[in-house]
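Chain and residue survey
Residue-level listing of the chains:
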Amino acid sequence: MAGLEWSEALALELPAMDEVHQEFVLLLAAVQEAADGQLAGRWEELISHTQMHFDQEDRWMQSTGFSSGNCHSLQHKVVLQVMREGAAKAAAGELAVIRSMASELAAWFVHHAQTMDAALALHLRSAGFDPATGALAHPEALPGQVITGCGGACDSSAERAHAVPA
Ligand SMILES: [Fe+2]
Ligand SMILES: [Fe+2]
């Protein structure tokens, strides 16, 4: 899948999350359009942004009742690890690895946003979570037990994470 573009199909009605996702889409497009000489640098920029993006979602999950080892956070970890392996390959001159990975990452992102991130956005909205302050308007809406799943999208999404080529 090439040429990922932002669309309303990716919007999750949580502006703080949507803004970061729009930035991700732009940075990934910049990778996909890069000439060979720009490719590794743009990939590094995407990795830095993705670390921030995933860390932020992981913090939101941990402050609203998710376990640190929940499947959404684990998927973030796997994807970043694969991206870093791509950076190492690019440093060794294997640029084709990143080009292939970027295409897989575009397909992965659409699925991830529409399943795990959509479930997280719904969870945060229902608890009245304010991303700017971490305040919860409706803490009573959070479940009484630690959340280890991610809203029903775990199995298929986990498989797709592992499908990103190493
Ligand atoms: Fe996300
Ligand atoms: Fe996510």
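Higher on the page you've got the structure.
First, a word on scope: everything that follows refers to the structure included in this document.

Calculation notes
Residues numbered from 1 in each chain as written. Chains lettered and ligands numbered in written order. Predicted model: local features only at pLDDT ≥ 70, side-chain atom pairs only at ≥ 80, totals over all residues. Heavy atoms only, no water. Salt bridge = Lys/Arg side-chain N within 4 Å of Asp/Glu carboxyl O. Helix = DSSP H or I, 4+ residues; strand = E, 2+ residues; numbered from the N terminus. Buried < 20%, exposed > 50% of the residue type's maximum accessible area, 1.4 Å probe, protein only. Donors = N, O, S within 2.8 Å, 3.2 Å for Na, K, Ca; no water. Tetrahedral: all angles 85-135°; square planar, octahedral: opposite > 155°, others 65-115°.

1. Description of the pattern of salt bridges
- Considering all chains together, one arrives at one salt bridge under this definition.
- Among the ionic pairs, Arg99 bridges to Asp36, the shortest N-O distance being 2.9 Å. Here Arg99, found in helix H4 (residues 95-126), pairs with Asp36, found in helix H2 (residues 36-62); they are 63 residues apart in sequence, far enough to count as distant.
- Residue class for Arg99 comes out partly exposed when judged on its relative accessible area of 32%.

2. Considering the coordination of the iron ion (ligand 1)
- Coordination of the iron ion (ligand 1) by the protein is provided by His21 (NE2), His53 (NE2), Glu57 (OE) and Asp117 (OD), with metal-donor distances spanning 1.9 to 2.3 Å.
- Each of the four donor atoms bound to the iron ion (ligand 1) contributes to angles spanning 85 to 153°, and the resulting shape is irregular.
- Read N to C, the donor residues that coordinate the iron ion (ligand 1) are spaced as H-x31-H-x3-E-x59-D.
- A separation of 3.5 Å is found between the iron ion (ligand 1) and the iron ion (ligand 2), which share Glu57 as a coordinating residue. Here the residue His53 and the residue Glu57 both occupy positions in helix H2, the gap between them amounting to four residues, near one helical turn.
- Overall, His53 belongs to the buried group, its relative accessible area being 1%.

The analysis is restricted to geometry; functional conclusions fall outside its scope.
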